[in-house]
Amino acid sequence: MNKNSDKRIIMKVLMALSGGVDSSMSAKYLQDQGYSVVGCYMMLHGREEYHKKNIENVNKVCEFLGIQSHVLDLQDVFKKEVYDLFVNSYKQGITPNPCAHCNRLIKFGALWEFAKSLGCQKIATGHYARIEDGLIKSAIDDTKDQSYFLANLDPQILPHIIFPLGDKLKVDIKAQAAQIPQIASLASQKESSEICFVDTTYIDVLKRHYNTNLPGIVRNAKGDVIGTHEGYMHYTIGKRKGFKIKGAHDPHYVTAINAKANEIIVGKKDELECYGFKTRNFNNFTTQNEFEAFVKIRYRSKPILCTVCICDGVANVKLQSNAGAVASGQLAVFYDDNQRVLASGFIA
């Protein structure tokens, strides 16, 4: 018998650790499965106390698991590729999706480059999602599913990713963590927000860069002046509060934003109806240029059956029912009937 026949090839995985319960338990699951795990905390923005607490948690987890940990400072690239884009988008009257950009360029871009420099064959995160047949798929726990935010990933990165939580329920993960004395405190700590650099509201972030309180006029679809507002950056498509309309008895909603003129256009709910749109930066996980799919135009929106036709990198999307409040800059994500991501694109 070959004396080496019982030796296994141990795969080295770089685990993105945030200091929270999800990534911490992900690292434990990977180790239990026999992977050689290395931890990595990514510093993405300049909130010192925020990082201090998280790094303490990461060190605690790595000590418990007996694994090496790294702190990767990505603040410069994060500011350029994610934060500045976020701020500039609102200046242009566009509603951005910073997490979609961050996941592609930072968490599964810069992190993968760092992983390769350490000799890792895979990277893993605490996202709730699965990979099936080479495609991103919704998580078992649909209340925590993050496939929408992952739909902008470079398709070439998918074979190198592990999502340990995709087939698990959050309630079970927290219960298991609570039974481990070394990391039990993580099971009860407050959940982080979707946008890591926003403490309260996006307006508080914008106020650091712009005067957001710029009173302006409100118009209807005909162009008539019908009211006033507090400054166009306070509004997104579909918002129905925060502006004044003369003599209006029915609810009005923001239907468009004219950033250059500091004006918003409003209308009744039926004026928000939308049965089609185009996307830019189309990200196709398939080889199809025409297909049917279910599209989500926001994270928590209901999937709508649609047809997609791609020409010169632009997807023309026709909806079989009204989407409503379709906002430029948001990510449209296209799923098949098995909850797998076929493609994505930013709404033009």
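Remember, it's a predicted structure, so these values are computed and weren't measured experimentally.

A.B. asks: Just checking my understanding: could you explain helix α2 (residues 48-65) for this structure?
C.D. replies: In an α-helix there are 3.6 residues to a turn, and that puts residues three or four apart on one side. The end-to-end C-alpha separation of α2 is 26 Å, in line with the 26 Å expected for 18 residues at 1.5 Å each. Turning to α2, its buried residues are His51, Asn54, Ile55, Asn57, Val58, Val61, Cys62 and Leu65. Buried residues of α2, seen end-on, are gathered within an arc of 160° and therefore sit on one face of the element. Of the residues in α2, the exposed ones pointing more than 90 degrees away from the buried face are Glu48, Glu49 and Glu63. The inward-facing, buried residues of α2 abut α1 (21-32), β2 (36-43) and β3 (69-73).

A.B. asks: Could you clarify how one ought to interpret the pairing of strand β15 (residues 304-311) in this entry?
C.D. replies: Remember that side chains alternate between the two faces of the sheet whenever the strand is regular. A one-sided burial pattern is seen for β15, the buried positions being Ile304, Cys306, Val308 and Ile310 and the unburied ones Leu305, Thr307, Cys309 and Cys311. When strand β14 (residues 290-296) meets β15, the two strands line up antiparallel, connected through six bridges. Bridge assignment links Glu292 to a residue of β15, and that residue is Thr307. Where β15 and strand β16 (residues 314-319) come together, six bridges link them in antiparallel fashion. The partner of Cys309 across the bridge, within β16, is Asn316. Joining the antiparallel neighbours β15 and β16 is a turn of two residues, in which Asp312 adopts a positive phi near 55°.

A.B. asks: Is there a simple way to think about the pattern of salt bridges in this case?
C.D. replies: Where side chains of opposite charge bring their charged atoms close, a pairing between them can arise. Considering all chains together, one arrives at 11 salt bridges under this definition. A salt bridge links Asp84 to Lys79, with the nearest nitrogen and oxygen atoms 3.1 Å apart. A relative accessible area of 24% means that Asp84 is categorised as partly exposed. You can call Lys79 partly exposed: its relative accessible area is 45%. Between Arg340 and Asp133 there is a salt bridge; the shortest N-O distance is 3.0 Å. Of this pair, Arg340 sits in the loop between β17 (331-335) and β18 (341-347) while Asp133 sits in the loop between β5 (129-132) and β6 (135-138), and the two are 207 residues apart along the sequence. Note on Asp133: relative accessible area 67%, which makes it exposed. What emerges from the salt-bridge pattern is a single network uniting Glu132, Asp133, Lys137, Asp336 and Arg340.

A.B. asks: I tried to follow empty space enclosed by the protein on my own but got confused; where do I start?
C.D. replies: If you roll a probe as big as a water molecule over the atoms, it shows you where there is empty space left. As enumerated under the stated definition, the model contains one cavity of 30 Å³ or more in all. The space that makes up the largest cavity amounts to roughly 40 Å³. Tyr90, Gly93, Ile94, Thr95, Tyr232, Met233, Tyr235, Thr236 and Ile257 together form the lining of the largest cavity.

A.B. asks: Would you take a moment to explain the pairing of strand β8 (residues 216-219) for this structure?
C.D. replies: The sheet contact formed by β8 and strand β9 (residues 225-229) spans four bridges and is antiparallel. Following the sheet pairing, Ile217 is matched in β9 by Thr228. Linkage of β8 to β9, two consecutive antiparallel strands, is achieved through a turn of five residues, within which Gly223 is found at a positive phi near 100°. Summarising the sheet, β8 and strand β12 (residues 263-267) pair through two bridges and their orientation is parallel. Bridge pairing in β12 links Val218 to Ile264.

Quick notes on the rules
- Residues numbered from 1 in each chain as written.
- Predicted model: local features only at pLDDT ≥ 70, side-chain atom pairs only at ≥ 80, totals over all residues.
- Heavy atoms only, no water.
- Helix = DSSP H or I, 4+ residues; strand = E, 2+ residues; numbered from the N terminus.
- Expected span 1.5 Å × (residues − 1).
- Buried < 20%, exposed > 50% of the residue type's maximum accessible area, 1.4 Å probe, protein only.
- Arc of directions from axis to C-beta.
- Contact = heavy atoms within 4.5 Å.
- Pairing = 2+ DSSP bridges.
- Salt bridge = Lys/Arg side-chain N within 4 Å of Asp/Glu carboxyl O.
- 1 Å grid on protein atoms, 1.4 Å probe; cavity = no way out; pocket = protein on both sides within 12 Å on 5 of 7 lines; lining within 4 Å.
- Points joined across faces, edges and corners; volume = space filled by probe spheres on them.

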